[in-house]
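Residue strings, one per chain:
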Amino acid sequence: MHHPKITFIGAGSTIFVKNILGDVFHKSALKGADVALMDIDPVRLEESQIVVSKLMESAGATGNIHCYTDQKDALKGADFVVVAFQIGGYEPCTVTDFEVCKKHGLEQTIADTLGPGGIMRSLRTIPHLWQICEDMTEVCPEATMLNYVNPMAMNTWAMYEKYPHIKQVGLCHSVQGTAEELARDLDLDYGDLRYTCAGINHMAYYLTLEKKTENGEYVSIYPDLLEAYEMGQAPKPNIHGNPRCENIVRYEMFKKLGYFVTESSEHFAEYTPYFIKPNRPDLIERYKVPLDEYPKRCVEQIANWKKDLEAFKQADRIEQKESHEYASTIMNAIWTNTPSVIYGNVKNEGLIDNLPQGCCVEVACLVDANGIQPTAVGKLPSHLAALMQTNINVQTLLTEAILTENRDRIYHAAMLDPHTAAVLGIEEIYALVDELIEAQQDWLPNWI
């Protein structure tokens, strides 16, 4: 019996690899999958091999595991390619993104999706994603890429434009993750929810969000969420145990817009001009905005990983509960022709009428042996589409910049960023971008 080959690019992200493969090995049809781990860091690669080997043995997986530092070798014959890496790493590049922006008066929370941080991350990342597409074209042209690399919308858009023949989908856990959080806020069983959701990555909205009643009917939980928030019963403490992230921003936007957004409050605060302003500590306090959240999170994760790694090395077995990531569902659906529905980031080809055609949108997708099949949404509520467009403006200009090697468009993308434009003047924006480019020139394409 033929078994799939799963290649991980960026396999030094050991915890992520463990979570995804833990899900994979819960699927009986995938237990025999061969696994290729690829990373440029041989130490991290060896750590991942140790963990994955124990995970496979504990799960009764029967496939082979091989490690590579050469990308094309790892991709040969792959059926599925999982991509998860961070070019430039937390140090030096993420630290630079935060420190340079702060020097110029621009505070950030996460800086991986939009704004100067997201722009620089995309410029560092897209050339490497293109190289993966180039190698896939040569050695595994029929493989499906499952892309987890931020900034999701810009990365996915750029790959669709330059390598339209590559089968790919951008994956995030914000849709199903937020639905789980909202069920928890109302003490509901997540399994009793149903929803429709659409938009762009990190700014999709639940167009419907309903719970199943005792008589089997479905009713909207939006009135319950508003009441719980007004009564101080929601949001509950952070589901991940992070006391810095209180989720106030999203509930306040929900009150104003009538729809709940999928990505966290700490993310959303920097996608709009409303919450982070110079000399306005009252806004930071009122909406509980966690400035510099991502660097703090990175430091904590690095420390925790060192502890976890030692525990994994000592353990005889490594058990992994199923997560709510979509990767294993997609692989199983394609490999076994078992129809499933996921939310994916794909090219807008007649999917959302009032967002630009060709941009990257996040919609429900049917998955089976025919691959990823996005579903059409129609028109979004106009105010939601208008808010998304402010983010798509940045994505459009950045994608054009890197496709046409037009350095001017990098500045234009920063100028159109809602948060940046609300804080800095035009010359200040240009000076900020100049300094970021100078600081990261070793990580950027030569034309920049």
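Thresholds, definitions, all that
Residues numbered from 1 in each chain as written. Predicted model: local features only at pLDDT ≥ 70, side-chain atom pairs only at ≥ 80, totals over all residues. Heavy atoms only, no water. UniProt positions renumbered as here; feature names shortened; annotations may be inferred. Core = buried A, V, L, I, M, F, W, Y, C linked by side-chain atoms within 4.5 Å. Buried < 20%, exposed > 50% of the residue type's maximum accessible area, 1.4 Å probe, protein only. Contact = heavy atoms within 4.5 Å. Helix = DSSP H or I, 4+ residues; strand = E, 2+ residues; numbered from the N terminus. Arc of directions from axis to C-beta. 1 Å grid on protein atoms, 1.4 Å probe; cavity = no way out; pocket = protein on both sides within 12 Å on 5 of 7 lines; lining within 4 Å. Points joined across faces, edges and corners; volume = space filled by probe spheres on them. Nonpolar A, V, L, I, M, F, W, Y, C, P; charged D, E, K, R; others polar. Pairing = 2+ DSSP bridges. Disulfide = S-S within 2.5 Å. Right-handed = clockwise from strand over helix to strand, strands pointing away.

Looking at an unreviewed UniProt entry, one finds the protein chain named Alpha-glucosidase/alpha-galactosidase, with Photobacterium rosenbergii as its source organism. What the UniProt record of the protein chain gives under Sequence similarities (unreviewed entry) is the line "Belongs to the glycosyl hydrolase 4 family."

Asker: Describe the nonpolar core, with residues and values.
Answerer: Residues Phe 8, Tyr 206, Phe 268 and Leu 355 are the most contacted members of the largest nonpolar core, which totals 147 residues. If sequence neighbours within four positions are ignored, Phe 268 has contacts with Met 203, Tyr 205, Val 249, Met 253, Val 261, Glu 263, Phe 275 and Leu 387. Core analysis: the next-biggest nonpolar cluster, separate from the first, contains 7 residues, Val 95, Ile 110, Tyr 294 and Cys 298 among them.

Asker: Kindly report on the UniProt feature "domain: Glycosyl hydrolase family 4 C-terminal" (unreviewed entry) in the protein chain, identifying the contributing residues and their values.
Answerer: Taken from the UniProt record, the annotation "domain: Glycosyl hydrolase family 4 C-terminal" (unreviewed entry) applies to residues 197-420. Helix makes up 44% of residues 197-420 and strand 17%, with an end-to-end C-alpha separation of 28 Å.

Asker: Describe helix 8 (residues 222-230), naming the residues involved and giving the relevant values.
Answerer: Along helix 8, the positions that sit buried rather than exposed are Tyr 222, Leu 225, Ala 228 and Tyr 229. In an axial view of helix 8, the angular spread of the buried residues amounts to 125°, which keeps them on one side of the axis. Opposite the packed face of helix 8, turned more than 90 degrees from it, sit the exposed residues Glu 227 and Glu 230. Residues of helix 8 that are buried in the fold lie against helix 7 (174-185), strand 8 (203-212), strand 9 (218-220) and helix 9 (248-257). Positive backbone phi, approximately 80°, marks Gly 232, located one or two places after helix 8.

Asker: If you had to explain the layout of surface pockets to someone new, which residues and values would you point to?
Answerer: If you add up the space inside the second largest pocket, you get close to 360 Å³. Residue lining of the second largest pocket: 17 residues in total, with Tyr 160, Ile 166, Lys 167, Gln 168 and Ile 372 positioned closest to the centre. Taken together, the elements giving at least two residues each to the lining of the second largest pocket come down to strand 6 (167-170), strand 10 (340-347) and strand 12 (371-374). No other element matches the 3 residues that strand 12 contributes to the lining of the second largest pocket. In terms of residue class, the lining of the second largest pocket is built from 9 nonpolar, 5 polar and 3 charged.

Asker: Would you mind going over the pairing of strand 11 (residues 360-368) in detail, with residue names and values included?
Answerer: For strand 11, a buried count of 8 out of 9 residues is recorded, marking the element as mostly surrounded by other parts of the structure. As paired strands, strand 10 and strand 11 are joined by 8 bridges and run antiparallel to one another. Of the residues in strand 11, the one forming a bridge with Tyr 343 is Ala 364. Judged from the 4 bridges that link them, strand 11 and strand 12 form a sheet pairing that is antiparallel. Following the sheet pairing, Leu 366 is matched in strand 12 by Gln 373. Hairpin remark: strand 11 followed by strand 12, antiparallel, with 2 residues in the connecting loop.

Asker: How would you explain empty space enclosed by the protein if you had to name every residue and give the values?
Answerer: The probe, sized like a water molecule, is rolled over the atoms to show the empty space still left. According to the stated counting rule, one finds 1 cavity of 30 Å³ or more in the structure shown. Of the voids in this model, the largest cavity is the one considered here, and its volume is about 30 Å³. Leu 106, Gln 108, Leu 114, Gly 115, Pro 116, Glu 270 and His 419 together form the lining of the largest cavity. Residues of the lining of the largest cavity, tallied by class, amount to 3 nonpolar, 3 polar and 1 charged.

Asker: Can you explain the state of the cysteines? Please cite residues and give values.
Answerer: Such a bond, covalent and formed between the sulfur atoms of two cysteines, is termed a disulfide. Counted by the stated rule, this structure contains 0 disulfides. Of all cysteine sulfurs in the structure, the one in Cys 140 sits closest to Cys 133, which takes part in no disulfide; the separation is 9.9 Å. Cys 133 gets classed as buried once you look at its relative accessible area, which sits at 0%. Looking at the unpaired Cys 360, the closest cysteine sulfur is the one in Cys 359, lying at 7.2 Å.

Asker: I'd like a rundown of the environment of Lys 27, residues and numbers included.
Answerer: By the element assignment, Lys 27 lies in the loop between helix 1 (14-24) and strand 2 (34-38). Separated by 305 residues in sequence, Lys 27 and Asn 332 place their C-alpha atoms 7.0 Å apart. In this structure Lys 27 touches Glu 322, Ser 328, Thr 329 and Asn 332, once residues within four positions along its chain are discounted.

Asker: If you had to explain the side chain of Ser 122 to someone new, which residues and values would you point to?
Answerer: Within the secondary structure, Ser 122 is located in helix 5 (residues 115-139). Classification of Ser 122 as buried rests on a relative accessible area of 0%. Contact partners of Ser 122, with chain neighbours within four places excluded, come to Pro 127, Pro 151, Met 154, Asn 155, Leu 398 and Ile 402.

Asker: Just give me the short version of the pairing of strand 1 (residues 5-9), but keep the residues and values in it.
Answerer: Summarising burial for strand 1: 5 of the 5 residues are buried, a large majority. Side-chain alternation along strand 1 places Lys 5, Thr 7 and Ile 9 on one buried face and Ile 6 and Phe 8 on a second face that is also buried. Two elements, strand 1 and strand 2, share 5 bridges in a ladder whose sense is parallel. Looking across to strand 2, one finds that Thr 7 is bridged to Ala 36. Viewed along the sheet, the connection from strand 1 through helix 1 into strand 2 turns out right-handed. Bridging between strand 1 and strand 4 (residues 80-83) involves 4 bridges; their strand directions are parallel. By the bridge assignment for strand 4, Ile 9 is matched with Val 83.

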